[in-house]
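# Coordinates in review
Chain by chain, the residues run as shown.
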Amino acid sequence: MLLRKTILLFSLILIIFTSAQRKKTDTLYVYEKVIVYDTIYREKSINLKPADFKFSSLKIQEREIKDINDQKTDSLELEEKIKKLKTKSFQYGIESGMGFKKASWAEVLSEKNQQFGQNLGIWISKSIVNPKFSLMLSANIYYWNSTFDLDANKEETYLDGFYFSKDDQPLLFQRFNNKHLEYVLQLKAIYEWKNLRPFVGFLANKNSYKMQFLVPENNVLNKLDDFKSNNQVNFGFSLGLQYRIFDRFLIDVEYQHYKIKNLSLKNSSFDFDIFKTNNTFAERKISLGISYFISK
């Protein structure tokens, strides 16, 4: 009896507990699990078969110790060789200068022995045989200032008076001075050593003088006419030295010497020569100039 009561009591308790659990609301928590995977790249190695290269054993053929200064010297020599190769082509340029001239025939007419002048010219040159040896052909024009002025209308002069042509026409001297133009063609042989360029030359020149006379016109002495130096060409030589101051610039000192034969002034209308001489005169000049290379 007691056992039945006990079983019944436990059954009731179980039923009550079960019903109480069904009515209660439970809270459910959900967790998300995140898993991160790293990507790993795998490269497969390529199997290369080694080639059968065969190298000869290294041998020292020559031992040499070079100084840095020697290398600089070699580079300078190389630049010099390149410069010399450039000189094989034609080079051309311009030049100008100034100087003094002395003509022996003018010493009788003037107390001043030296005549000042300026010049301007062009030249072309080319190396021959040896890069250091070259020939230069130049053409210059000089303008020489007067050292005397003989004017019969202002004062008495050495040349005052009447002169007569071969057909007896009268000529009356008016004026004369030694201001003139000079044209020079010169061939130089030049040798270059470092920055120095000594040279010797052969040249030809022509001077252009002018003298004025009163000449007859319709049998009246009233026309002023010019008597000019003829086309006589004089020959001479030159000596000089050039010095290269920059790559394109040269300065030079030059001495020239000419021989002038039969100095004469002519007029096409009158057969007359005031000097009437067969003497040979000397003409010397020394000049200082500067040259510029136009060509590269």
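Given the structure is predicted, the values throughout are model-derived calculations rather than measurements.

What follows concerns the layout of surface pockets. For the second largest pocket, the calculated volume is near 310 Å³. As for the second largest pocket, its lining consists of 15 residues, and the residues nearest its centre are Phe176, Asn177, Lys179, Lys210 and Met211. Looking at the lining of the second largest pocket, the elements with two or more residues in it are β4 (149-151), β6 (170-177), β7 (180-191) and β9 (210-217). In the lining of the second largest pocket, the residues fall into five nonpolar, four polar and six charged.

Applying the stated criterion across every chain yields a total of eight salt bridges. Of the charged contacts, one joins Lys101 and Glu283 as a salt bridge, the two residues approaching to 3.2 Å between their closest N and O atoms. Remark: Glu283 occurs in strand β14 (residues 280-293) and Lys101 occurs in strand β1 (residues 91-103); sequence separation between them is 182 residues. For Lys101, a relative accessible area of 2% gives the class buried. Between Glu182 and Lys285 there is a salt bridge whose closest N-O contact spans 2.7 Å. Taken as a pair, Glu182 in strand β7 and Lys285 in strand β14 lie far apart in primary sequence, 103 residues in all. Each member of the pair, Glu182 as well as Lys285, carries the same accessibility label: buried. Several salt bridges share partner residues, and in doing so they unite Lys101, Glu182, Glu283 and Lys285 into one network.

Generally speaking, nonpolar side chains in soluble globular proteins are found buried as a group. Core analysis: the largest hydrophobic core is formed by 23 residues, its most contacted members being Trp105, Phe176 and Phe213. Every element with two or more residues in this core is listed here: β6 and β9. If you look at the next biggest cluster of nonpolar residues, it comprises six residues, including Ile190, Phe199, Leu250 and Phe293.

On to unusual backbone geometry. In this model, Asp168 sits at a positive phi of 65°, which is unusual for a non-glycine residue. Along the chain, the position of Asp168 falls in the loop between β5 (162-164) and β6. One non-glycine residue with positive phi stands out, namely Asn218, at about 55°. Within the secondary structure, Asn218 sits in the loop between β9 and β10 (220-229). You can call Asn218 exposed: its relative accessible area is 71%.

With that settled, the discussion passes to the packing of aromatic side chains. Counted according to the given criterion, the structure contains 16 aromatic pairs. Centroid distance Trp123 to Phe293: 5.1 Å. Interplanar angle 80°. Geometry classified as edge-to-face. Of this pair, Trp123 sits in strand β2 (residues 115-128) while Phe293 sits in strand β14, placing them 170 residues apart in sequence. Owing to a relative accessible area of 4%, Trp123 belongs among the buried residues under this scheme. Accessibility expressed as a relative area gives 3% for Phe293, which makes it buried. Centre to centre, the rings of Tyr163 and Phe272 are 5.9 Å apart; their planes meet at 55°, and the pair counts as tilted. Placement of the pair is Tyr163 in strand β5 and Phe272 in the loop between β13 (265-266) and β14, with a sequence separation of 109 residues. Residue Phe272 is classed as buried on the basis of its relative accessible area of 5%. Above the face of the Phe90 ring, Lys126 is positioned so that its terminal group lies 5.7 Å from the ring centre. Over the ring of Phe199 we find Lys188; its NZ or CZ atom is 4.4 Å from the centre of that ring.

Calculation notes
- Residues numbered from 1 in each chain as written.
- Predicted model: local features only at pLDDT ≥ 70, side-chain atom pairs only at ≥ 80, totals over all residues.
- Heavy atoms only, no water.
- 1 Å grid on protein atoms, 1.4 Å probe; cavity = no way out; pocket = protein on both sides within 12 Å on 5 of 7 lines; lining within 4 Å.
- Points joined across faces, edges and corners; volume = space filled by probe spheres on them.
- Helix = DSSP H or I, 4+ residues; strand = E, 2+ residues; numbered from the N terminus.
- Nonpolar A, V, L, I, M, F, W, Y, C, P; charged D, E, K, R; others polar.
- Salt bridge = Lys/Arg side-chain N within 4 Å of Asp/Glu carboxyl O.
- Buried < 20%, exposed > 50% of the residue type's maximum accessible area, 1.4 Å probe, protein only.
- Core = buried A, V, L, I, M, F, W, Y, C linked by side-chain atoms within 4.5 Å.
- Phe/Tyr/Trp six-rings, centres within 6.5 Å; stacked < 30°, edge-to-face > 60°.
- Lys NZ or Arg CZ within 6 Å of the ring centre and 35° of its normal.

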